[in-house]
Structures are given as structure tokens and as C-alpha cells.
Amino acid sequence: IIEATTPLALPGEVLVTAFTGDAVHQLVDANGDGDALDLGENRIITPTINEPLGLLSDGSNGFFFSSRADDTVYHAEDLNGDGDFLDLAEVLSYADAVYGGINGSWGMAPYAGGGFLLADYLDGEVLLVNDLTGDNDALDLGEVTLFADGFSLPVDIVDRKSTRLNSSHTDISRMPSS
């Protein structure tokens, strides 16, 4: 999943969750040959997380990702600028099953009213996740709320107003605001 609402950090950089590999990978075409198959172009950038799935840019230098098995959304932030999220406190729980009732987190999309939407596939719901207290997480009561329900195993969400494919279906770019 590519979150295209913010510029990528490096030309051609994308993040990929490896469900059975239990990590987030950074792919970058460092030598401009059109792929990420060369040495150093596919790096694990997070600690081991059980069954990671969805990815969403945080709008700065970090990202959110979900763990289906942990029923948790994590926030990753490169605090020391070394290009990975492997150091102490760089990956923290952002929302979970205890206070948010998350039960099978998958895809995420930004929500114009603040926060982001989360597909909660086991409960057949879309949840609104929003840090209302300003403490850099959504672990307080009321910060994860029901947005929509009645789905059969929802797994992904797309914000159609902030991302688009061009006519060649190879370039993802920001759409103009309306």
C-alpha cells in the first residue's frame, strides 16, 4: 500500500508490510535502474511486529501501521534520523484493543475531520481513530469510535480525494484540493 498524500522521502521510496515476515520494508530504487532488486534497496526498517498489514503516512517523517494479530495500530517515527525505526521508542502503540476495541486491524485512510479511518475486519466495522487529548496516541477512552458498520470483513480503505492514478496507471500523485 502506498500512501500518496505526502511526498516520499526518497525518489521511488515505498514502504511494504511483510505479513509473514513480521516487519515493514523500505524499498528504494537507489541507482535509478527501475527496480528495488539491488543490494541495499530492500531494507527492514522496523522491529519484528506480529502480522503487520496496513500503512498510512503520518504527514511528516513517520507512518502508522496495523497488526492484525496484535489488534494494534503502531506509530513509527525516526527520532534519531538514521533512516530506520529500529531504535528505542521509535515504534509505539498508537491504538489498541484495550481502549479502542480494535479486533482485526487492517487498512487505514486519512479522515478529513481529523485522525484516520481503520478497517476492523473481524467486527465488520470502520473505526475513527483520533488523538483527542494531544498525547500522541489514541489510547484514551473515546479516541477510537465507530464510524460505520455492517461490512463483511472490511480490509482496506482509500481516500479518493487525496490520491489518484494517472492515465498510465503507474504514477501516484496528489490531486488538487477542491
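What counts, and at which threshold
- The written sequence of each chain sets the order in which its residues are numbered from 1.
- Whole-chain, interface and lining totals are the exception, using all residues; otherwise, since this is a predicted model, local features are given only for residues with pLDDT of at least 70 and side-chain atom pairs are given and counted only at 80 or more.
- The side-chain quantities take in all heavy atoms of the structure and omit both hydrogens and water.
- Strands here are runs of E lasting at least two residues and helices are runs of H or I lasting at least four, both read from the DSSP assignment and numbered beginning at the N terminus.
- Three exposure classes are used, based on accessible area relative to the maximum for each residue type with a 1.4 Å probe and protein chains only: buried under 20%, partly exposed in between, and exposed over 50%.
- Neither His nor the chain ends contribute to the count of charged residues, in which Lys and Arg are positive and Asp and Glu negative.
- Salt bridge, as used here, is a side-chain nitrogen of Lys or Arg placed within 4 Å of a carboxyl oxygen of Asp or Glu.
- The contact criterion used is simple: two residues touch if any of their non-hydrogen atoms lie within 4.5 Å.
- If DSSP finds at least two bridges between two strands, the strands pair.
- Interaxial angles span 0 to 180 degrees and are taken between N-to-C directions of axes, which are lines fitted to C-alpha atoms, for helices over the stretch in contact.
- Stacked, edge-to-face and tilted labels apply to pairs of Phe, Tyr and Trp rings (six-membered ring for Trp) whose centres lie within 6.5 Å, assigned for plane angles under 30 degrees, over 60, and everything in between, in that order.

Regarding the side chain of glutamate 125
By the element assignment, glutamate 125 lies in strand β10 (residues 125–129). Of the buried charged residues, glutamate 125 lacks a salt bridge, with arginine 68 as the closest side chain of opposite charge at 15 Å. Contacts of glutamate 125, omitting those with residues within four sequence positions, involve Leu118, Ala119, Asp120, Leu146, Ala148, Asp149, Phe151 and Pro154.

Considerations on the sheet that holds strand β1 (residues 14–18)
In spatial order, the strands read β1-β2-β3; together these 3 strands make up an open sheet with antiparallel pairing. On the outer flanks of this sheet lie β1 and β3 (42–44), each paired with one strand and no other. Across this sheet, the average inter-strand angle for adjacent strands is 30°, counted without regard to direction. Sheet topology note: the strand β2 (residues 23–27)/β3 ladder contains 3 bridges and is antiparallel. In the sheet register, histidine 25 faces β3, and the bridge partner there is isoleucine 44.

Points about the packing of aromatic side chains
Between two aromatic rings, the relevant description is the distance of the centres plus the angle of the planes. The full count for this structure, using the stated rule, is 8 aromatic pairs. Ring geometry for phenylalanine 63 versus phenylalanine 65: centroids 5.8 Å apart, planes at 40°, classification tilted. Taking relative accessible area as the criterion, phenylalanine 63 reaches 3% and is therefore assigned buried. With 5.1 Å between their ring centres and 70° between their planes, tyrosine 111 and phenylalanine 147 make a pair best called edge-to-face. In this pair, tyrosine 111 sits in the loop between β8 (105–110) and β9 (116–120) while phenylalanine 147 sits in strand β11 (residues 144–149), placing the two residues 36 residues apart along the sequence. For phenylalanine 147, a relative accessible area of 39% translates into the label partly exposed. Grouped by ring-pair contacts, the aromatic residues Phe63, Phe65, Tyr74 and Phe85 constitute a single cluster.

Examining the sheet that holds β9
With respect to topology, 4 strands assemble into an open sheet ordered β8-β9-β10-β11, the strand pairing being antiparallel. With one partner strand each, in any of the chains shown, β8 and β11 form the two edges of the open sheet. Neighbour to neighbour, the strand axes of the sheet diverge by 30° on average, direction disregarded. Note that β10 and β11 share 5 bridges and pair antiparallel. Following the sheet pairing, leucine 127 is matched in β11 by leucine 146.

By themselves, these are just geometric observations and shouldn't be taken as functional.
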